[in-house]
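Residue-level structural notes
Read off the chains here:
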Amino acid sequence: MIVEGVLTLGFLFLVWIIVTKRKHGLPPGPMPFPVIGNLPQLALSGAKRPYAAFHNLAKKHGNIMTLRMGAADVVVLSSYEVMRDVLGKEEWSGRIFEESLKARYLNQRLGILFLEGEAYKDQRRFLLRHLKDLGFGKQNSMESMISVELHELTSRLRQRMADGRQAVVCMHNYFNLSVLNVLWSMIAGTRYSHDDEKLLALLEHVDMLMKCGSVGNLSSMFPILRKLAPKLTGEEKQLEAYKLLQNFLRELIQEKKEIEDGNPEKCFLDIYLKEIDKFQGDSTSLYTEDQLVMLCFDMLLAGSETTSNSLCFAILYMMLYPQVQDEVHKELVGVVGTANTISLDYRHKLPYTQAVLMEVLRLSNVSPAAIPHTIMERDAIYKDYKIPKDTIVMINLYSVHMNKEHWIDPEAFRPERFLHNGRRLIKDEHVIPFGVGKRSCLGESLAQSSLFLYFTTLVMNFKFETVPGHLSPSEEPVLGFTLSPMPYNTVVTCRR
Ligand code: HEM
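What counts, and where the lines are drawn
- Residues numbered from 1 in each chain as written.
- Predicted model: local features only at pLDDT ≥ 70, side-chain atom pairs only at ≥ 80, totals over all residues.
- Heavy atoms only, no water.
- Near = heavy atom within 4 Å.
- Polar contact = N/O pair within 3.5 Å; in protein donor to acceptor, adjacent residues only side chain to side chain.
- Nonpolar A, V, L, I, M, F, W, Y, C, P; charged D, E, K, R; others polar.
- Axes fitted to C-alpha atoms, helices over the stretch in contact; angles between N-to-C directions.
- Helix = DSSP H or I, 4+ residues; strand = E, 2+ residues; numbered from the N terminus.
- Parallel < 35°, antiparallel > 145°, perpendicular 65-115°, else oblique.
- Contact = heavy atoms within 4.5 Å.
- Donors = N, O, S within 2.8 Å, 3.2 Å for Na, K, Ca; no water.
- UniProt positions renumbered as here; feature names shortened; annotations may be inferred.
- Disulfide = S-S within 2.5 Å.
- Buried < 20%, exposed > 50% of the residue type's maximum accessible area, 1.4 Å probe, protein only.
- Pairing = 2+ DSSP bridges.

1. Here's the deal with the site of the ligand
- Taken together, 26 residues surround the ligand, and among them Arg95, Tyr120, His373, Arg439 and Cys441 come closest.
- Between an oxygen atom of the ligand and a side-chain N or O atom of Arg95, the distance comes to 2.7 Å.
- Contacts to the ligand include Ile371, whose backbone N or O atom sits 3.4 Å from an oxygen atom.
- Considered class by class, the residues forming the shell around the ligand number 15 nonpolar, eight polar and three charged.

Here is the structure:
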């Protein structure tokens, strides 16, 4: 009887080892369980959010570790040094394209976020070249587009102040449409009124899509859940939102085609439509209307919420740390003067303000786990590890921004960490909100310029305070693919 028991246990242990065995050469990680992989260790890591749980496990298992998520082995990168070493290499630059994505991307690799290889390089080059011609990344043109939006935003804010001085404003998605307009001026040659009902409704769908999941959540580990419980997992609602947004873009493209007037191209849509014409009849061409729809869709998804959430966090921190807000205001008034408009040229003259913006990007972790990569084309070698082709790679930017050894007090909002003697700005390469390497953010220059101009104009013109008699808003974010602050109210007072 005892012998049989021992043999059964031995057999079960052997099955466990065989079932959970990692592929040879993968980095170390916690021992996985059959079927549920490393879910128990993630759940018991002491963190509620997936990216924070990866961070806690990395402290024990290393800055490059393997986790079993559902049926897949996932390699998690958790330090700047590892990211810098590997993410510039071609083989680390693939993207997942699994069943649920196929349903969203017309069953083809389209757009930009999930393209890879030559098609990706071609589309990224095309996008950057032509957006640049339209003003993207060029200081003067970008500045003038942003200032049109800022003028409207600040005028509307002033109009809300009943006594001309003060108003309580809800900051939930407050900057979405304004920020989108800057991008849309280049892409579609249009901007929308800040109370355009149709656009606001569409942006609510974008918001829902960004909050419907997060990198490393349950349905990403067990995609079958989406099929088994489409309502519960939000799959049904998400597919509907994808369809609505894609239809909106298709209609926009159709309108553009109809008003073709023979004039030189005024926006990215005009340029791309010309390119589609050039390749008409070539069935292998990537330049198609479907690709244009998905390209615009990806830009809409990647470019609007990220910047606007960062701005909402910036205003939140100004409310919660009034002495920092006063310092920024003092520096702005001292350097720019109250009579002048702020331009990007002032950036290097405003070290404290720049330090504050770096701290906002570090601590808010708007895109905490970037967008997962995959190993493509061939196995990847790093130190003693050999990571097989098609392995998913998670880039935990949160770990870099919250590394205690590097930052000492990572949880604190302390812009001074970026200042030498309180005056000179220290650029720290461990602030990587836009990712690193070949797949790093395509919109960084637009995002950085928008953040600087919106933030400085707002702090120069208005003071942001907590609402008297109410609890201070929380710094805890709302979980999603991107993080946003919980909706909060602020008392806005006109400074000039
Ligand atoms: C504060 C604002 C922003 C943040 C924090 C941010 C962050 C990021 C991050 C972390 C990635 C993924 C990098 C990786 O996978 O390794 C990314 C990718 C991307 N971002 Fe941004 N982003 C911002 C604004 C923008 C804007 C304004 C645009 C549009 C103009 C944009 C377009 C893109 C695109 C197209 C990609 C995909 C690049 C690729 O797949 O190779 N982003 N962004």
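2. A word on the packing of helix H15 (residues 305-320) against helix H16 (residues 322-335)
- Between H15 and H16, whose axes approach to 5 Å, the crossing angle comes to 110°. Relative to H16, the element H15 is oriented roughly perpendicular. Between H15, through Met318, Met319 and Leu320, and H16, the contact on the second element is made entirely by Pro322, Val324 and Gln325.
- Class assignment of the residues belonging to the contact of H15 with H16 gives a composition of five nonpolar, one polar and no charged.

3. A few points about the coordination of the iron atom of the ligand
- Within the protein, just one atom coordinates the iron atom of the ligand: Cys441 (SG), at a distance of 2.3 Å.
- Examined against the element boundaries, Cys441 turns out to sit in the loop between strand S9 (424-425) and helix H20 (444-461).

4. Let's talk about the UniProt feature "binding site: heme" (unreviewed entry) in the protein chain
- This chain's UniProt record puts "binding site: heme" (unreviewed entry) on Cys441.
- In this structure, Cys441 is in contact with Arg124 and Phe434, ignoring residues within four places of it in sequence.

5. Quick notes on the state of the cysteines
- Across all of its chains, the model carries zero disulfides by this definition.
- No disulfide involves Cys312; its nearest neighbouring cysteine sulfur is the one of Cys170, lying 8.8 Å away.
- A relative accessible area of 2% means that Cys312 is categorised as buried.

6. Quick notes on the sheet that holds strand S3 (residues 166-170)
- With antiparallel pairing, three strands are arranged side by side in an open sheet as S3-S13-S10. Of all strands in the sheet, those with a lone pairing partner are S3 and strand S10 (462-465), marking the two edges. When the angles between neighbouring strand axes are averaged without regard to direction, this sheet yields 30°.
- Note: S3 against strand S13 (residues 489-494), five bridges, orientation antiparallel. Looking across to S13, one finds that Gln166 is bridged to Thr493.
- Each of S10 and S13 touches H15; the most contacted strand, S10, lies at about 75° to it.

7. Side note on the environment of Met376
- Checked against the element boundaries, Met376 lands in the loop between strand S4 (373-374) and strand S5 (380-382).
- Once residues lying within four places of it in the same chain are set aside, the contact partners of Met376 are Glu90, Glu91, Ser93, Gly94, Glu116, Gly117 and Lys389.

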